[in-house]
Amino acid sequence: MNCERVRKLLYPTPAKCEVTVEHAEAMAHLRSCEACRKTIDARADWSRELQAGFPTEKAPDRLRLKIGAIVAASRPALLSSRVVQAMAAAAVVLAVLAGWLVSRATSQAFFRAICEDHAKYLSGESQLASGDPRQLESWFRDKTDFGVRVPLLGTSELLGARLCFLKEHKAALVFYRKDNRPVSLFQLNARDVRLSGLERSVIDGAPLWRMSYRGFALAAFEQRGVLNVLVSDLRESELLQLASTARIESAGY
Amino acid sequence: MKIVPFRSSPENAVERQHVAEVLVAILDSLYSTSVRMTGNAQAAEDLVQEASRKVVQSARMLRERRNIRAWIFKVLLNSIRDYLRRQKLWREVDLDAGDSDFTVSPVATAMHDVRKALARLAPPLRAVVLLIDIEEFTISEAAGILKIPPGTAASRLARAHRELREQLGAYRAKVPREGGVL
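Please read all numbers here as calculations on a predicted model, not as lab measurements.

Calculation criteria
- Residues numbered from 1 in each chain as written.
- Chains lettered and ligands numbered in written order.
- Predicted model: local features only at pLDDT ≥ 70, side-chain atom pairs only at ≥ 80, totals over all residues.
- Heavy atoms only, no water.
- Helix = DSSP H or I, 4+ residues; strand = E, 2+ residues; numbered from the N terminus.
- Buried < 20%, exposed > 50% of the residue type's maximum accessible area, 1.4 Å probe, protein only.
- Contact = heavy atoms within 4.5 Å.
- Areas by Shrake-Rupley, 256 points an atom, 1.4 Å probe, with all protein chains shown as cover.
- Arc of directions from axis to C-beta.
- Axes fitted to C-alpha atoms, helices over the stretch in contact; angles between N-to-C directions.
- Parallel < 35°, antiparallel > 145°, perpendicular 65-115°, else oblique.
- Nonpolar A, V, L, I, M, F, W, Y, C, P; charged D, E, K, R; others polar.
- Patch = residues over 30% accessible without salt bridge, like charges linked within 9 Å, V, L, I, M, F, W, Y side chains within 5 Å.
- Salt bridge = Lys/Arg side-chain N within 4 Å of Asp/Glu carboxyl O.
- Pairing = 2+ DSSP bridges.

Caption draft 1: Structural view of the overall build of chain B. Counting secondary structure elements, chain B contains eight helices and zero strands. Secondary structure elements of chain B, listed N to C terminal, follow the sequence α-α-α-α-α-α-α-α. Buried positions account for 53% of the 182 residues belonging to chain B. Restricting to contacts in chain B with at least 6 residues of sequence separation, those with at least 24 account for 67%. Of the roughly 8100 Å² of accessible surface on chain B, a fraction of 49% belongs to carbon and sulfur atoms.

Caption draft 2: How the structure looks around helix α2 (residues 23–32) of chain A. Residues and elements named next belong to chain A. Among the residues making up α2, those that are buried are His23, Ala26, His29 and Leu30. Across the axial projection of α2, the buried residues extend over an arc of 120°, all falling on one side. Among the exposed residues of α2, those pointing more than 90 degrees away from its buried face are Ala24, Arg31 and Ser32. Buried residues along α2 sit against α1 (3–9) and α3 (34–53).

Caption draft 3: Quick look at the packing of helix α6 (residues 123–134) of chain B against helix α8 (residues 150–167) of chain B. Residue and element names in this part refer to chain B. Look at α6 against α8: their axes get within 8 Å of each other, and the N-to-C directions meet at 100°. Here α8 runs roughly perpendicular to α6, going by the angle between their axes. The segment α6 lies against α8, with Pro124, Leu125, Val128, Val129, Ile132 and Asp133 engaging Ala153, Arg156, Leu157, Arg159, Ala160, His161, Glu163 and Leu164. The class makeup of the residues in the contact of α6 with α8 is nine nonpolar, one polar and four charged.

Caption draft 4: Expanded view of a nonpolar patch on the surface. Residue and element names in this part refer to chain A. Among the surface-exposed residues, Leu94, Leu97, Trp100 and Leu101 lie close enough to one another that they form a single nonpolar patch of about 410 Å² accessible area. Mapped onto the fold, leucine 97 is located in helix α4 (residues 61–120). Residue leucine 97 is classed as partly exposed on the basis of its relative accessible area of 43%.

Caption draft 5: Region of the structure containing the environment of B:Phe73. Along the polypeptide, B:Phe73 turns up in helix α4 (residues 68–86). Judged by its relative accessible area of 0%, B:Phe73 falls in the buried class.

Caption draft 6: Inspection of the pairing of strand β7 (residues 216–223) of chain A at higher detail. Residue and element names in this part refer to chain A. Most of β7 sits inside the fold, with seven of its eight residues counted as buried. Note that strand β6 (residues 206–213) and β7 share five bridges and pair antiparallel. Of the residues in β7, the one forming a bridge with arginine 210 is alanine 219. Following β6, the chain reverses through two residues before pairing antiparallel with β7; arginine 214 in that reversal takes a positive phi of roughly 50°. Taking the residues that link successive antiparallel strands as the turn, the β7-strand β8 (residues 226–232) hairpin has two residues, and the phi of arginine 224 there is positive, at about 50°.

Next comes the structure, spelled out in structure tokens:
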């Protein structure tokens, strides 16, 4: 590589020139060529002379103020962007909260209706009076879109069963008596109901949901896609124990 | 400088703030370049203001944080070129033409010093001198700012140096003479 080529490749100086594949070779030449080094040094001196002739001029204060205003004007946009993001996040939280509250209210209304139905059927007659769980299950067959399982509840007496409608959902209603107190077991398709209106408890390692309404205790559990709801004026602890028994009995099928 | 469509994110907010900080830090350099390119202090102020507004507004489009200074100069030189074209003072340089063919800016009134000599250069030549010699950008960076190939930037710089050398008798001894190069 000759001097002319090297000086062209390293124009104006090695620090500012365009780096090409020949750069390394040109730099190697420069290290060994005093004439080229002098030329490059003279270019650097010339550049410094030019710089000395053009000291940076201070921008007028009015321009500085205008630029400051432009920069400041961009900050509210940033702020509003953050506010919008915060508002969007708050809206999502509120929407979720509102959805949860509506769901909870709807769920509570449904289970209150179950309690009221229990009271309604206290004096009602069974459509099929029987103490035989299998007979009652057979009777429900083809009457519901889910399989009705009639459990035996310890010392409780099985009285009979009937169909009922809860908020347009078809349900099986099984009557028991325990300690001379009526106990109703409602069974319905679990997909039709949300449990968010009830309080959740865990008994014997399994979840149970409960509520109290107008002197009635309610206990619920879900099994194989069927929601089982026990309602009685028994003490809540007794009813929960009964519900736990019913769950174990149902699981034995 | 690569740009991508706007995406609103906290990163954009940080980017805009960073660009604004760089803008304020190099304001004197921007103003100096603008004055030397236009020869008109009021026009220089207006152009810096216009470019600053564009820079702040476009900061959200910036993808690379590297070399924000070069990007800001690019925005400013675009505004300056548009201004000079409106004033019919900007004409692309014919690198094959002789020295007598270049455009002499009306900004130049005499050749008392190096400033006057620079003012006599055609704006495209003056721009490479200001960017590479004064603002110390590399050939590649100046080429990016002026949207020309690096080879063209180097040729314009060599041409500008040659014309300055011939105008500046007082500096002639210091100017390297490189006959035939570039």
